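# Chain and residue survey
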Amino acid sequence: MLSEVWSDWEDGAVDSCPHCERAVQELDQLGTAVRQLEDTTDEACDPSGFDPAALTQRVMDVVRLELRPGRPLPLSNPADDMWIMESVAARTLRTAAEQVPGVRAGSCRIDPEKASGTGMGTGKVTVRIGIRAP
């Protein structure tokens, strides 16, 4: 395991296995990179007052959005019990739209149609996808 190699590396007792040696070299490179990053972070205070918190928040919002699978959507009649998650369907539709040369897909909204009076889905959906085309 990598944790065992890490422990052996810290103790100075490295196995002569080529895989372990490679792992140790990569750990050493990682350690060097982290030390360099720490050094530059300590030395470089941004005089412009740039606050990375806003950027970090925007990036995390996008990550959270990607991790939310959305609603399950029926692939056929709901009684058939075949479903796809909304985020997967939207990604598939955006990819299909981008198969047209020059087209770039943006947001994709999928709204399931409800049967009147039952609140149950009918298996039909309305799709709205924003694209940019030449």
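Everything below is about the structure printed above this text.
What you see is a predicted model; the values in this text were computed from it and never measured.

## Let's talk about the overall build of the chain
Along the chain, the regular secondary structure elements total 4 helices and 4 strands. Counting from the amino terminus, helix and strand elements in the chain follow one another as α-α-α-β-β-α-β-β. By residue count, 13% of the 134 residues in the chain fall in the buried class. For the chain, long-range pairs separated by at least 24 residues make up 31% of all intrachain contacts whose partners lie at least 6 apart in sequence. Taken as a whole, the chain presents about 10,600 Å² of accessible surface, with 57% of it coming from carbon and sulfur.

## Here's the deal with the environment of Ile-84
Position of Ile-84 among the secondary structure elements: in strand E2 (residues 83–85). Counting along the chain gives 12 residues from Ile-84 to Pro-72, while the straight-line C-alpha distance between them is 5.6 Å. Filtering out sequence-adjacent residues up to four positions away, Ile-84 remains in contact with Arg-71, Pro-72, Leu-73, Leu-75 and Ala-89.

## What about the nonpolar core?
In terms of nonpolar packing, the biggest core is built from 5 residues, these being Leu-73, Ala-89, Ala-90, Cys-108 and Ile-110. Among the elements of the structure, helix H4 (86–97) and strand E3 (104–114) are those that each provide at least two residues to this core. Apart from residues no more than four positions distant in its own chain, Cys-108 is found in contact with Ala-90, Leu-93, Arg-94, Val-127, Arg-128 and Ile-129.

## Remarks on the pattern of salt bridges
For the coordinates displayed, the defined rule picks out 3 salt bridges. Its salt-bridge partner being Asp-111, residue Arg-128 comes within 2.9 Å of it at the nearest N-O pair. On the criterion of sequence distance, the pair formed by Arg-128 in strand E4 (residues 121–132) and Asp-111 in strand E3 is long-range, its members being 17 residues apart. The class for Arg-128 is partly exposed, based on a relative accessible area of 49%. Residue Asp-111 is classed as buried on the basis of its relative accessible area, which comes to 19%. Members of the salt-bridge network, linked through shared partners, are Arg-109, Asp-111 and Arg-128.

How each quantity is defined
- Residues numbered from 1 in each chain as written.
- Predicted model: local features only at pLDDT ≥ 70, side-chain atom pairs only at ≥ 80, totals over all residues.
- Heavy atoms only, no water.
- Helix = DSSP H or I, 4+ residues; strand = E, 2+ residues; numbered from the N terminus.
- Buried < 20%, exposed > 50% of the residue type's maximum accessible area, 1.4 Å probe, protein only.
- Contact = heavy atoms within 4.5 Å.
- Areas by Shrake-Rupley, 256 points an atom, 1.4 Å probe, with all protein chains shown as cover.
- Core = buried A, V, L, I, M, F, W, Y, C linked by side-chain atoms within 4.5 Å.
- Salt bridge = Lys/Arg side-chain N within 4 Å of Asp/Glu carboxyl O.

So far we have only geometry, and geometry alone does not tell us how the molecule works.
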